[in-house]
Amino acid sequence: MDYVFGFTALVLAAAMVVLFAMLGEVSARLDSHGSPSGRGFIRLLDQVPAGHAPQDWPEPVKRMAEAERSLALVLSPTCDSCAEVAAQLKTEPKPIPGYDLYIVISTSDPAQGVAFVEDHGIGGMPYFVDERGQWVTREFNLKHSPSALMFHRGRLTSAVVFNDIATLRAAVTTPDKEAKV
Amino acid sequence: MTSDLVSEIVRCAAAAVLLCSGAGKHAAPASASRAVTELLKAPASVARAIVRLTATLEVLAALLFFVPGASAVGSALMLLLGAAFTAAGAMGAARPDAPACGCFGRETGRPLGWRNAAAGIGLVSAALFLAGHQVFSPPGGAALTAAAAVLLCAWLYRDLFRLVLKGKH
């Protein structure tokens, strides 16, 4: 009888885990595909060196060093949210008003990075394939994607991790939110 | 006596972790499959099969701890799984664009790294410890493991719990 009770308790506990794992997956899918309320995700990354001005700018993004305000979107070919952000970029020619936009593809396989850009039709924007994410890691201690790095005349002002262009735009361009981001 | 108590606690804690991890990955294998695809450069179908197999072994190991005469097999399985998690964590830590680990079937999570390697080493250590302490008291242990699994689940999915309990975000 004790065995029956013990294993019944284990089965019930496992069932509870299964239920919440499924709920978690549903919740994540609603978040990534846009919930009915249109809620997106954005979080300030506080481990980046705010104020840092890289000495070494890769050629495709070199003009960021001179731009008044620029923004680098760091995407990875292996993350689902990055693919969704790339798809949003394709439909919005000027997604973040007031910022010069650049793409950094962080990938272990440069060919895969180029294929990601071509597949999503975002090759019209200046982009840099950062092999193994070495540049963003070395210069900005950045290990998240999709993320956005904001610069003022080549100097990093802040960085966020996000999952939706509209949410990023709202955070960057709304005056009262800009202070937080 | 103290040694028996410690081994019972270690067994229940390890079984609860394996049960949550296995059941969670079985229910929501997508994130872990992506991690395997990225780490091993394996096709999606192979990655999913690896995740299913791992999840099955985790649940099996958890249950074997409470089957008379099978505790040693549970320890051996846990040793194998711990070694695999340690290797995956080390591989993730070695790359700057490591994928999210998909641990416990969660979509959100930190990238694979040293934290996962440490968890793997913890499982290996627990397996070795339990291999040398084959004390058996299944019914109470199973109930304690179930309670620990529920608490672990509540912590892992605390956001969902809050949502359910409060009825809003």
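Preceding this section is the structure that the text describes.
### Description of unusual backbone geometry
Residue and element names in this part refer to chain A. The omega angle of the peptide bond from Ser145 to Pro146 is -5 degrees, so this bond is cis rather than trans. Turning to its location among the elements, Pro146 is positioned in the loop between helix 4 (134-140) and strand 5 (147-152). The phi torsion at Arg132 lies on the positive side, around 60 degrees, for a residue other than glycine. Mapped onto the elements of the fold, Arg132 is located in the loop between strand 4 (127-131) and helix 4. Of note in this structure, Arg153 is not a glycine but carries a positive phi near 50 degrees.

### Observations concerning the sheet that holds strand 2 (residues 69-75) of chain A
Residue and element names in this part refer to chain A. Within the open sheet, the six strands sit side by side as 1-6-5-2-3-4. Their pairing is mixed. Two strands lie at the open edges of the sheet, namely strand 1 (42-44) and strand 4, each paired on one side alone. Each neighbouring strand pair of the sheet contributes to a mean axis angle of 25 degrees, computed without reference to strand direction. Across five bridges, strand 3 (residues 100-107) lies against strand 4 in parallel orientation. When the sheet's bridge partners are listed, Ile105 is paired in strand 4 with Val129. On the sheet, helix 2 (residues 80-91) packs against strand 2, strand 3 and strand 6 (155-162) and is oriented at approximately 135 degrees with respect to strand 2.

Parameters and conventions
- Residues numbered from 1 in each chain as written.
- Chains lettered and ligands numbered in written order.
- Predicted model: local features only at pLDDT ≥ 70, side-chain atom pairs only at ≥ 80, totals over all residues.
- Heavy atoms only, no water.
- Helix = DSSP H or I, 4+ residues; strand = E, 2+ residues; numbered from the N terminus.
- Pairing = 2+ DSSP bridges.
- Axes fitted to C-alpha atoms, helices over the stretch in contact; angles between N-to-C directions.
- Contact = heavy atoms within 4.5 Å.

Any functional reading would require information that these geometric values do not contain.
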